[in-house]
Amino acid sequence: MIKEKQHMSLLITGAKEMGLTLTDRHLEAFLTCYQELVDWNQRFNLTAITGWEKVLTHHFLDSLSCLKALPREELAAGARVIDVGTGAGFPGLPLKLVCPEVQMTLLEATNKKVAFVQHIARKLKLREIEVIHGRAEELGRDPTYREQYDWAMARAVAKMPVLVEYLLPMVRMGGAILAQKGEDAAAEVHAAEAAIVTLGGRVQQLIPVKLRGLAETRYLVVIDKVAATPEKYPRRPGMPKKYPLR
């Protein structure tokens, strides 16, 4: 506990470099998330990253870097955001902690990870948050969720030609998707150009992100929803990955 509090400066400084000032309440919530993640991970293997400093950089700060693309005034006004394939809650949970007004949906297909995120949401008494056990291909065809979100986002879920079929059906006209990608982001976007157009999207920008503790440059890929997604998309579970749109 003492060690974690001493090293909280890394999180504070990293957030400040993104224009974020973390309060004591924020820091306490992040510390609770870390402690619960390590505790649960001993039993359920939620993540390969459990060291304090790596969790700060690879999970917390990496998640908060999405705010370089997400309009904070929209989030503060209660924007609807879905985090697809959230895993142990990233990037959705850290974003919810610093932007409490956002209406956040966390979608995950693995039961143990869903249980963990639900546990954290209860423990931190988070409101306007929905945790769903399911797959993007199914949710994207459900009228309750299809084209209902201002933003759909994902981190380390799939290559872009597959990911856009998961995300774009979720987003309303005029909304956007945000994909966190590594150094091959431009090549992935190029490979997905036809799929993006087919699904009603248009590439807006690729935003480079440099994070403390991470040598490589990461990118935030922002794609606007400019046309309705054809009704036949997304295809049934497994099809987008097996047969990516070309």
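Reading the values: rules and limits
- Residues numbered from 1 in each chain as written.
- Predicted model: local features only at pLDDT ≥ 70, side-chain atom pairs only at ≥ 80, totals over all residues.
- Heavy atoms only, no water.
- Phe/Tyr/Trp six-rings, centres within 6.5 Å; stacked < 30°, edge-to-face > 60°.
- Helix = DSSP H or I, 4+ residues; strand = E, 2+ residues; numbered from the N terminus.
- Buried < 20%, exposed > 50% of the residue type's maximum accessible area, 1.4 Å probe, protein only.
- Pairing = 2+ DSSP bridges.
- Arc of directions from axis to C-beta.
- Salt bridge = Lys/Arg side-chain N within 4 Å of Asp/Glu carboxyl O.
- Axes fitted to C-alpha atoms, helices over the stretch in contact; angles between N-to-C directions.
- Parallel < 35°, antiparallel > 145°, perpendicular 65-115°, else oblique.
- Left-handed = near helix turned anticlockwise from the far one by under 90°.
- Contact = heavy atoms within 4.5 Å.
- Nonpolar A, V, L, I, M, F, W, Y, C, P; charged D, E, K, R; others polar.
- Polar contact = N/O pair within 3.5 Å; in protein donor to acceptor, adjacent residues only side chain to side chain.

Undergrad: Looking at this structure, how should I read the packing of aromatic side chains?
TA: Per the stated rule, a full pass over the model turns up 5 aromatic pairs. Seen from their ring centres, Trp40 and Phe116 are 5.5 Å apart, and the 65 degrees between their planes marks the pair as edge-to-face. In this pair, Trp40 sits in helix α3 (residues 24–44) while Phe116 sits in helix α7 (residues 111–123), placing the two residues 76 residues apart along the sequence. A ring pair is formed by Phe60 and Phe90, whose centres lie 6.1 Å apart and whose planes are at 55 degrees; its orientation type is tilted.

Undergrad: I keep staring at the pairing of strand β7 (residues 218–225) and nothing clicks. Help me out?
TA: Regular strands have side chains that alternate between both faces of the sheet. Most of β7 is tucked away, with 7 of its 8 residues classed as buried. The sheet contact formed by strand β6 (residues 201–209) and β7 spans 8 bridges and is antiparallel. Across the sheet, Leu206 pairs through a bridge with Val221, a residue of β7.

Undergrad: Even after reading the chapter, I still don't get helix α2 (residues 8–16), so can you show me in this structure?
TA: Because each turn of an α-helix spans 3.6 residues, side chains separated by three or four positions end up pointing in the same direction. Here α2 has its buried residues at Met8, Leu10, Leu11, Gly14 and Ala15. Along the axis of α2, the buried positions cluster into a sector of 155 degrees, meaning they face one direction only.

Undergrad: For this particular structure, what's the right way to read the pattern of salt bridges?
TA: Think of it this way: side chains of opposite charge can pair up when their charged atoms draw near. Overall, the coordinates contain 10 salt bridges when judged by the stated rule. With a closest N to O distance of 3.1 Å, Arg43 and Asp39 form a salt bridge. Residue Arg43 and its partner Asp39 are located together in helix α3, separated by 4 residues, close to a single helical turn. Judged by relative accessible area, which is 52%, Arg43 ranks as exposed. Residue Asp39 is classed as partly exposed on the basis of its relative accessible area, which comes to 35%. Here Glu137 makes a salt bridge to Arg135, at a shortest N to O gap of 3.1 Å. When its relative accessible area of 3% is taken as the criterion, Glu137 is described as buried. Residue classification places Arg135 among the partly exposed residues on the basis of a relative accessible area of 37%. Each member of the salt-bridge network shares a partner with another, and the members are Asp62, Arg155 and Arg218.

Undergrad: What is the right way to look at the packing of α3 against helix α4 (residues 52–64) in this model?
TA: The relative placement of two packed helices is expressed as an angle between their axes plus a distance between the axes. Contact geometry for α3 and α4: axes closest at 11 Å, N-to-C directions at 120 degrees. Here α3 lies oblique to α4, going by the angle between them. In this structure, the crossing between α3 and α4 has a hand that is right-handed. Contacts between α3 and α4 pair Phe30, Leu31, Cys33, Tyr34 and Leu37 from the former with Trp52, Val55, His59, Phe60 and Leu64 from the latter. Of the residues in the contact of α3 with α4, the class split is 9 nonpolar, 1 polar and no charged.

Undergrad: Whenever I open this one, the side chain of Gln180 confuses me. Can you help?
TA: Along the polypeptide, Gln180 turns up in strand β5 (residues 171–181). Here Asp62 takes part through its backbone oxygen, which lies 2.9 Å from a polar atom of the side chain of Gln180.

Undergrad: Hey, could you run me through the environment of Tyr233 in this one?
TA: Following the sequence through the fold, Tyr233 ends up in the loop between β7 and α12 (239–242). By relative accessible area, which is 9% here, Tyr233 ends up buried. Put simply, Tyr233 and Arg122 are 111 residues apart on the chain and 34 Å apart in space, counted from C-alpha to C-alpha. Among residues more than four places away in sequence, those in contact with Tyr233 are Arg141, Arg146, Glu165, Pro169, Thr198, Leu199 and Leu245.

Undergrad: Sorry, what's going on with the sheet that holds strand β3 (residues 129–133) here?
TA: Hydrogen bonds between backbone groups are what pair the strands of a sheet, and the pairing can be parallel or antiparallel. A sheet is described by the order of its strands in space; here 7 strands give the open sequence β3-β2-β1-β4-β5-β7-β6, paired in mixed fashion. Where the open sheet ends on each side, the last strands, each with one partner, are β3 and β6. Within the sheet, the average angular offset between the axes of one strand and its neighbour, ignoring direction, is 20 degrees. Pairing between strand β4 (residues 149–155) and β5: 6 bridges, direction parallel. When the bridges of β5 are listed, Tyr149 appears paired with Val171. Sitting on the sheet, α4 touches β4, β5 and β7, and the angle it makes with β4 is about 155 degrees. Contacts between α7 and the sheet are confined to β2 (103–108) and β3, with β3 contributing the most and set at about 165 degrees to the helix.

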